[in-house]
Amino acid sequence: MTMIFPKGFMFGTATAAYQIEGAVAEGGRTPSIWDTFSHTGHTLNGDTGDVADDFYHRWEDDLKLLRDLGVNAYRFSIGIPRVIPTPDGKPNQEGLDFYSRIVDRLLEYGIAPIVTLYHWDLPQYMASGDGREGGWLERETAYRIADYAGIVAKCLGDRVHTYTTLNEPWCSAHLSYGGTEHAPGLGAGPLAFRAAHHLNLAHGLMCEAVRAEAGAKPGLSVTLNLQICRGDADAVHRVDLIGNRVFLDPMLRGRYPDELFSITKGICDWGFVCDGDLDLIRQPIDVLGLNYYSTNLVKMSDRPQFPQSTEASTAPGASDVDWLPTAGPHTEMGWNIDPDALYETLVRLNDNYPGMPLVVTENGMACPDKVEVGTDGVKMVHDNDRIDYLRRHLEAVYRAIEEGTDVRGYFAWSLMDNFEWAFGYSKRFGLTYVDYESQERIKKDSFDWYRRFIADHSAR
């Protein structure tokens, strides 16, 4: 297939603050909920982001990796506890200056800065120790995060190409409050919907705050990790309502689906939705981000729905749905590889929410990467499986574009190996290998492959 992507198409890569920065007690930074979560036994091997990739000290060399990679965009997040370290809401100039230098260097390299404002590192002072109060369960959190967004936008202004309000609010609500996998790990099932609504509200308020401070030039976006399911139509529809349309519809249509209220009756009264909220949530955005890795296989069970269930669940309201094993091959995360589903999802979003440009803001593969040393002493990492994964998913993106879907960018996850949340340092997604002991960076074969792909398939 001869693929030349449209002129202006963004080829990028992505990272997140807590996963790479380290320096958790330097530069005025205070703890986030992920510092607390990782230090209280909730991550594999007790791993924490205390050092991570030490990007805070090595950012200049790491941005040179981006320059060598040949990308024209870089998606990174702002660490909220580094910018607003105390409950009084006062900005920390040292933290703002750190991100301002990153933006300036990216522009010097001809790389568009794509700033994610919230990538899960809520300051610990906004939440109680066990997560049962504060955090995204409280309406006030949306307003405080919007204030923070305005502070960042005032500092970085229109030097930023696009501001992304939230990264994967499904994780911030369903995995974090419904389930126990992510901080704060509350495991309270339907309380995920309260968190989801406050995240939706934060999105709308953040859009307003960014526009007020940075003007109309920067783009605005949000990034969702939609729950892509195959299987029984009824089960697929149920999960779509609970995991996808709970965000998509209020953000893009200004309403929650009536069916969502119906299937959650008895476990959630939705009394936290206040008059005017949906008008605030539905803000004009310039692009919708999609993080895509894999699919689920679901079917309706013979069990009755448990109408009063408040147990831990990442799919509250779907207690009568079974999740089945998916066909292989699978990545090191145990996720199946299904590029066709990326194509199908892009086309479906284009059809269901017409006129909304799309960007694949994350896509990548965890592999069992090993360092080899050649006879000349050069260190190498051969990751052919990752190259095949990236190639096939880029082909899926191109196919969607060819059929009329407005896709404007693709970001490989990730620039380098990093702290993979509850999995600690056990999973490697990077185009660059990181030796966590020495902090040495080693370009994998996929790094060179992606560099060549960008050069060969970009419009001149």
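Residues numbered from 1 in each chain as written. Predicted model: local features only at pLDDT ≥ 70, side-chain atom pairs only at ≥ 80, totals over all residues. Heavy atoms only, no water.

Draft legend 1. Seen up close, the pairing of strand 5 (residues 219–224). For strand 5, the tally of buried residues reaches 6 of 6 residues, placing the bulk of the element in the interior. Covered by surrounding structure in strand 5 are G219, S221 and T223 together with L220, V222 and L224, the residues of both alternating faces. In the sheet, strand 4 (residues 162–167) pairs with strand 5 via 4 bridges, with the strands oriented parallel. By the bridge assignment, T162 is partnered in strand 5 with G219. When strand 5 meets strand 7 (residues 287–291), the two strands line up parallel, connected through 4 bridges. Paired with L224 across the bridge in strand 7 is L290. (Buried < 20%, exposed > 50% of the residue type's maximum accessible area, 1.4 Å probe, protein only. Helix = DSSP H or I, 4+ residues; strand = E, 2+ residues; numbered from the N terminus. Pairing = 2+ DSSP bridges.)

Draft legend 2. Molecular detail of the UniProt feature "active site" (unreviewed entry) in the protein chain. Listed under "active site" (unreviewed entry) in the UniProt record, and renumbered for this structure, are E168 and E362. For this annotated set, covering 195 residues, all C-alpha atoms fall within 10.5 Å of each other, a compact arrangement in space. Ignoring sequence-local partners within four residues, the contact set of E168 consists of W120, T223, N225, N291 and E362. Here E362 is to be found in strand 10 (residues 358–362). Non-local contacts of E362, meaning those with residues more than four positions away in its chain, are made with R75, H119, N167, E168, L290, N291, Y292, Y293, F411 and W413. (UniProt positions renumbered as here; feature names shortened; annotations may be inferred. Contact = heavy atoms within 4.5 Å.)

Draft legend 3. Broad picture of the pattern of salt bridges. Here the structure, examined in full by the defined rule, presents 32 salt bridges. Ionic pairing is found between R29 and D35, a salt bridge with its closest N-O pair at 2.8 Å. Its relative accessible area of 7% is what places D35 among the buried residues. What emerges from the salt-bridge pattern is a single network uniting D369, D383, R386, D417, R428 and K444. (Salt bridge = Lys/Arg side-chain N within 4 Å of Asp/Glu carboxyl O.)

Draft legend 4. Quick look at the UniProt feature "binding site: substrate" (unreviewed entry) in the protein chain. Residues given the UniProt feature "binding site: substrate" (unreviewed entry) here are Q19, H119, N167, Y293, W413, E420 and W421. Residue classification places N167 among the buried residues on the basis of a relative accessible area of 0%. Those residues within four positions of N167 in sequence are excluded, and the remaining contacts are R75, T116, Y118, H119, W120, S172, T223, N291 and E362. A polar contact is formed between the side chain of N167 and the side chain of R75, at a distance of 2.6 Å. Checked against the element boundaries, Y293 lands in the loop between strand 7 and strand 8 (296–300). With a relative accessible area of 12%, Y293 lands in the buried category. Not counting chain neighbours up to four residues away, the residues in contact with Y293 comprise W335, N336, E362, N363, G364, Y389, W413 and F429. Of the polar contacts made by the side chain of Y293, one reaches the side chain of E362; its length is 2.5 Å. (Polar contact = N/O pair within 3.5 Å; in protein donor to acceptor, adjacent residues only side chain to side chain.)

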